[in-house]
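Given next are the chains, with one letter for each unit.
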Number of protein chains: 2
Amino acid sequence: MIGEIVCVGTELLLGQIINTNARFLAERLAELGIDAYFQQVVGDNRGRLVAALELALQRSDLVIACGGLGPTEDDLTKETVCQTLGVRLVPDPGVAERIVGVLRGHGSRVVEAAVAKQSLVPEGATVLPNPVGTAPGLLVSKGGKHVALLPGPPQELEPIVRQHLVPLLETLLTGHGGPVQAGARTSTSGRRSYLFSRMVKICHMGEPAVEEAVRDLIHSANPTVAPYVSIGETHLRVTAKAADPDEARRLVEDAVAAICRRETLGRYIFGFDEDTIASACGNLLRQKGLSLALAESLTGGLVGHMVTQVQGSSEYFERGLVVYSNRAKIELLGVAPELLSRHGAVSEEVARAMALGAQSRSGADVGLALTGIAGPDGGTGPKPVGLVYIALAGADKPEECHRYVFSGDRQLVTERAAHRALVLLWLRLRD
Amino acid sequence: MIGEIVCVGTELLLGQIINTNARFLAERLAELGIDAYFQQVVGDNRGRLVAALELALQRSDLVIACGGLGPTEDDLTKETVCQTLGVRLVPDPGVAERIVGVLRGHGSRVVEAAVAKQSLVPEGATVLPNPVGTAPGLLVSKGGKHVALLPGPPQELEPIVRQHLVPLLETLLTGHGGPVQAGARTSTSGRRSYLFSRMVKICHMGEPAVEEAVRDLIHSANPTVAPYVSIGETHLRVTAKAADPDEARRLVEDAVAAICRRETLGRYIFGFDEDTIASACGNLLRQKGLSLALAESLTGGLVGHMVTQVQGSSEYFERGLVVYSNRAKIELLGVAPELLSRHGAVSEEVARAMALGAQSRSGADVGLALTGIAGPDGGTGPKPVGLVYIALAGADKPEECHRYVFSGDRQLVTERAAHRALVLLWLRLRD
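Residues numbered from 1 in each chain as written. Chains lettered and ligands numbered in written order. Predicted model: local features only at pLDDT ≥ 70, side-chain atom pairs only at ≥ 80, totals over all residues. Heavy atoms only, no water.

### Things to note about the overall build of chain A
- Tallying secondary structure elements over chain A gives 17 helices and 17 strands in all.
- On the principal axes, the C-alpha backbone points of chain A span a range of 85 × 50 × 40 Å.
- Across the 431 residues of chain A, 56% fall into the buried class.
- Sequence-distant contacts, at least 24 apart, represent 67% of the contacts inside chain A between residues at least 6 apart.
- Summed over its atoms, the accessible surface of chain A is roughly 17000 Å², and 51% of this surface lies on carbon and sulfur atoms. (Helix = DSSP H or I, 4+ residues; strand = E, 2+ residues; numbered from the N terminus. Buried < 20%, exposed > 50% of the residue type's maximum accessible area, 1.4 Å probe, protein only. Contact = heavy atoms within 4.5 Å. Areas by Shrake-Rupley, 256 points an atom, 1.4 Å probe, with all protein chains shown as cover.)

### A look at the sheet that holds strand β10 (residues 224–230) of chain B
All names here are of chain B.
- Judged by pairing direction, the sheet is antiparallel, and its four strands sit side by side in the order β10-β11-β9-β12 without closing on themselves. The open sheet terminates on both sides in strands that have one partner only, identified here as β10 and β12 (269–272). The sheet shows a mean angle of 25° between the axes of neighbouring strands, direction not considered.
- In this sheet, strand β11 (residues 233–242) lies alongside strand β9 (residues 194–203) in antiparallel orientation, the contact comprising 10 bridges. What sits directly across from Lys201, in β11, is His235. (Pairing = 2+ DSSP bridges. Axes fitted to C-alpha atoms, helices over the stretch in contact; angles between N-to-C directions.)

### Section: the side chain of A:Arg319
- Looking at where A:Arg319 falls in the secondary structure, it is placed in strand β14 (residues 317–322).
- A distance of 2.8 Å separates the side chain of A:Arg319 from the side chain of B:Glu331, its partner in a polar contact.
- Setting aside anything within four residues of it in sequence, one finds A:Arg319 in contact with A:Leu292, A:Ala293, A:Leu294, A:Arg361, A:Ser362, B:Val322, B:Arg327, B:Ala328, B:Glu331 and B:Leu332. (Polar contact = N/O pair within 3.5 Å; in protein donor to acceptor, adjacent residues only side chain to side chain.)

### Observations regarding the interface of chain A and chain B
- The interface is formed by 78 residues belonging to chain A together with 72 residues belonging to chain B.
- Across the chain A/chain B interface, buried area totals approximately 6300 Å², and carbon plus sulfur atoms make up 53% of it.
- Taken together, the connections running from chain A to chain B amount to two salt bridges.
- For B:Arg319, the salt bridge identified is with A:Glu331, shortest N-O distance 2.8 Å.
- At the boundary of chain A with chain B, the tally comes to 32 residue pairs in polar contact (both at pLDDT 80 or more).
- A per-element tally of the side of chain A that touches chain B places strand β2 (residues 35–42) of chain A first, with seven residues. (Buried area = accessible area lost by both parts, 1.4 Å probe. Salt bridge = Lys/Arg side-chain N within 4 Å of Asp/Glu carboxyl O.)

### Points about the environment of A:Arg327
- Residue position: A:Arg327 is located in helix α14 (residues 326–333).
- For A:Arg327, a relative accessible area of 39% corresponds to the partly exposed category.
- Taking the C-alpha atoms as reference points, A:Arg327 and A:Pro337, separated by 10 residues in sequence, lie 8.8 Å from one another.
- The residues touching A:Arg327, leaving out its near neighbours within four places in the chain, are B:Glu318, B:Arg319, B:Arg361, B:Ser362 and B:Gly363.

### Examining the nonpolar core
- If you look at the biggest cluster of nonpolar residues, it comprises 126 residues, and the most contacted ones within it are A:Ile259, A:Leu368, A:Leu422, B:Ile259, B:Leu368 and B:Leu422.
- Excluding residues within four positions of it along the chain, A:Leu422 makes contact with A:Ile277, A:Ala278, A:Cys281, A:Val303, A:Met306, A:Val307 and A:Leu368.
- Grouped together as the second largest cluster of nonpolar side chains are 48 residues, A:Ala355, B:Ala328, B:Ala369 and B:Cys401 included. (Core = buried A, V, L, I, M, F, W, Y, C linked by side-chain atoms within 4.5 Å.)

### Some details on the packing of helix α12 (residues 277–288) of chain A against helix α17 (residues 410–430) of chain A
Residues and elements named next belong to chain A.
- Relative orientation of the contacting elements α12 and α17 amounts to 30°, with a least axis distance of 9 Å. One element, α12, and the other, α17, form an angle in the roughly parallel class. Both α12 and α17 take part in a crossing whose hand is left-handed. Contacts between α12 and α17 involve Ile277, Ala278, Ala280, Cys281, Leu284, Leu285 and Lys288 from the first element and His419, Leu422, Val423, Leu425, Trp426, Leu429 and Arg430 from the second.
- In the contact of α12 with α17, the residues fall into 11 nonpolar, one polar and two charged. (Parallel < 35°, antiparallel > 145°, perpendicular 65-115°, else oblique. Left-handed = near helix turned anticlockwise from the far one by under 90°. Nonpolar A, V, L, I, M, F, W, Y, C, P; charged D, E, K, R; others polar.)

### A look at the confidence of the model for chain A
Residue and element names in this part refer to chain A.
- With 95% of its residues at a pLDDT of at least 70, chain A reaches an overall mean of 90.
- Low pLDDT, under 50, characterises residues 176–190; the predicted model gives this stretch 23 contacts beyond four residues in sequence or across chains.
- On the interface metric, ipTM, the complex scores 0.75, and its pTM is 0.75. (pLDDT = per-residue confidence, 0-100.)

### Section: the pattern of salt bridges
Residue and element names in this part refer to chain B.
- Under the counting rule described, the total for this entry stands at 42 salt bridges over all chains.
- A salt bridge links Arg23 to Glu27; its shortest N-O distance comes to 3.7 Å. In this pair, Arg23 and Glu27 both sit in helix α2 (residues 20–32), four residues apart, roughly one turn of the helix.
- We note a salt bridge from Arg28 to Glu27, for which the minimum N-O separation is 3.8 Å.
- Residue class for Glu27 comes out buried when judged on its relative accessible area of 14%.
- Among the charged side chains, a network of salt bridges with common partners joins Arg23, Glu27, Arg28, Glu31 and Arg237.

### Focus: the packing of aromatic side chains
- Tallied over the entire structure, the rule returns six aromatic pairs over all chains.
- With centroids separated by 5.5 Å and ring planes inclined at 55°, the aromatic side chains of A:Phe317 and B:Tyr324 adopt a geometry described as tilted. Taken together, the positions of A:Phe317 in strand β14 and B:Tyr324 in the loop between β14 (317–322) and α14 (326–333) put the pair across two chains.
- Take A:Phe317: its relative accessible area is 1%, and that puts it in the buried class.
- Judged by relative accessible area, which is 14%, B:Tyr324 ranks as buried.
- Cation over ring: A:Arg267 sits above A:Tyr268, and NZ or CZ is 5.9 Å from the ring centre.
- One residue, B:Arg59, lies across the ring of B:Phe38, its end atom 3.7 Å from the ring centre. (Phe/Tyr/Trp six-rings, centres within 6.5 Å; stacked < 30°, edge-to-face > 60°. Lys NZ or Arg CZ within 6 Å of the ring centre and 35° of its normal.)

### Description of the environment of A:Ile5
All names here are of chain A.
- Note on placement: Ile5 falls in strand β1 (residues 2–8).
- Taking the C-alpha atoms as reference, Ile5 lies 8.2 Å from Ala36; in sequence the two are 31 residues apart.
- Once residues within four sequence positions are removed from consideration, Ile5 is found in contact with Ala22, Leu25, Ala26, Leu29, Phe38, Gln39, Gln40 and Ile64.

### Let's talk about the sheet that holds strand β9 (residues 194–203) of chain A
All names here are of chain A.
- Taken in spatial order, the four strands of this open sheet run β10-β11-β9-β12, and their pairing is antiparallel. Single-partner strands in this sheet number two, and they are β10 (224–230) and β12 (269–272). Pairs of neighbouring strands in the sheet enclose a mean axial angle of 25°, with direction left out of account.

### Some words on helix α16 (residues 348–362) of chain B
- Helix length check: α16(B), at 15 residues, gives a terminal C-alpha distance of 21 Å against a target of 21 Å (1.5 Å per residue), a fit within 8%.
- Those residues of α16(B) that sit buried are B:Val350, B:Ala351, B:Ala353, B:Met354, B:Ala355, B:Gly357, B:Ala358, B:Gln359 and B:Ser362. (Expected span 1.5 Å × (residues − 1).)

### Details of helix α4 (residues 77–85) of chain B
- Where α4(B) is concerned, the buried positions are B:Thr77, B:Lys78, B:Thr80, B:Val81, B:Cys82 and B:Leu85.
- After α4(B) finishes, the residue B:Gly86 shows a positive phi value of roughly 70°.

### Details of the pairing of strand β16 (residues 387–394) of chain B
Residues and elements named next belong to chain B.
- β16 sits mainly inside the fold: eight of its eight residues count as buried.
- Direction of pairing for strand β15 (residues 366–372) relative to β16: antiparallel, over a ladder of seven bridges. By the bridge assignment, Thr371 is partnered in β16 with Tyr389.
- Of the pairings in the sheet, the one linking β16 to strand β17 (residues 397–405) comprises seven bridges and is antiparallel in character. If you follow Tyr389 over to β17, its bridge partner there is Arg403.

### Here's the deal with unusual backbone geometry
- In the segment running from A:Asn222 into A:Pro223, the intervening peptide bond is cis, with an omega of 5°.
- Residue placement: A:Pro223 occurs in the loop between α9 (215–218) and β10.
- The peptide bond linking B:Gly375 to B:Pro376 adopts the cis configuration, its omega dihedral lying at 5°.
- Locating B:Pro376 in the fold gives a position in the loop between β15 and β16.
- Here the phi dihedral of A:His204 falls at roughly 70°; this positive angle occurs in a residue that is not glycine.
- Considering the arrangement of structural elements, one finds A:His204 in the loop between β9 and α8 (207–213).
- Exposure remark for A:His204: the relative accessible area of 37% places this residue in the partly exposed category.
- Its identity as a non-glycine residue notwithstanding, B:Asp396 has a phi of 55°, on the positive side.

Okay, structure coming up:
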């Protein structure tokens, strides 16, 4: 089965809201194993909505139209879908009663005309009750095509989809027809297929190097392997499709195992799926019984925030020192004032002294320090904006310091520096 | 001029990422007064990408295609656009040099084939330099149609659009052609209309209260006033449309001035547009010549990160202490061990001692402290997950402490606590 999402609303075309519905619905289609090749967004305009619906119905079996089910005149999705499919709208007294109940519960005024409009239902459609708002979802089928209509507000759309639409589509896909099947045929021969997906997370290798390492797998059709770039990381999404969920999972796990066995690449896989570089560091710290202290200058606390977003981080995170001033560097970390005056706060010497100070003064096993120029001002020829030193001390190894020049605005430079610091920590702990 | 956004990426069709680019680009088109009737999303598939591009070129004058400009084989937007328009791809040595520079700065390996692919440019195209990544943006014009190509990562796309694409489109619209105008005509005769928009940012009042305070303005047609909810804040977007940019601006400024005069609401407006609660606090600290020290437990450095995202924050931000362990609270802030054992680390008494300790030990004028239970574990009956104490000391006022129970997961609880802490700081400094 091929599905297509059509989002209706001029506010999307004007960029006034983010299209979170498209993402939510796309995820549900993928979970159901329904292929999706296109998405469309169209405004509250009858002619263009007809064009979008006709295109979608011509190339897809299931069209999910969201938005434009409200009580006002510019809400015309239901009317336009019925016109396009050639289906009549009929009043549904049960829906009307429900709408009045919701309005009364919210202490809202009942406007008869609005209730009359919202309680019209395409003849033969399945009503998908709205637990929190007035416009119900609807599923209407004709000539082997299915159109689902959903209200636009995510807090209404999401429960309708979870509670009603997904189970109905499950039924459609497996072919045990409920009431929705009356007169409906799936236009594809319709054996159901299942998707399973895992994300492999790699640090310290850019996307081209990762792609080179798994080029043979990227050309495979099932499972598919696709690279994604994130700040300081490369991810490989491995997705398989099969008639059986266990088979899909097995295909993915075999490919993931093959990726993990790749010589260089395998060494830089720090986690899977929901893992972060901070949680990967946390696992190693816990495993080795080590504690961590941070000394942050340009990142201002971001590394600490990333470390502490991991549940249970209090087991290994001792403290963080956000030393924005020279005075704080001297008082809290024992950085020698001569180092600061001779080399400047952004220097290898100061970064090393910060890492050593964080470690020794806190009594933690590992000290991690960052100093740099986040910009946009403060750069000079030998010390440009984006210059960052990251130093590590402790865990029975000689201290180390690395120099980078990151590009981007203030936020991006600090994010890149923070990610890189955790990658360096992970590499040090792993070996 | 009619514009159309075409986002390319299978990850969008699978719902793996939210399409924030579509929203960002749609906002820019609206600001430029370029009409938009449709948006499309299509996967990394050559045939379907051709179909989407042909459809867009047939009904729109400007097509903005984003995603699929990376160095790997499934990145095929540039190649497909050139094929559709009938334009050759030629190597650009300047682009190649820039890519190598970015890779070296980040400490990444230079893969020759990847550089060669990313530095191919459609013949006659305008290169829109990418300040933070490898793939440049491109604007190619042929037969009265314009196609802009942009890399998918928002941190690369957004600066390219702001710095290069928007000014080029301005030039196109006003008809003083730069090199991009070679052979270009706008297909609509179109009297141009101008949008102007400002965001008014309010803290300490929920959306319903804000809406009530400006109900009369929300019903106005031009300018429009629309409320948006953000974490701990409510924003009002004021937008006007006029045939003249000065007229649009005047309509907006008048409405904004009216909002600022509202009795209660006016007192909680902390800023406009790009202002954040952290930058608003920074302005007050600078204005009053005060310095700030932070003591963070549950937020782990997030408040420090927010404070230091503001350019120039080193003028007033002295230091931050991320005191995750009791030992750190005692050593770095002088919290009495008896307070910790009697009341627990999450208590009003400890929060007050943390704020006082941060202020007095650092010599800063204001101390701000947070302690709480971020969850998901660690809650008990009298101290549930989400319990947060925020204390303030200094600036010639008696210390204060506030108790909250925030809802949400670990991340949302810490974000809410961090925002709230800065709102409390702003209120204290303002009065």
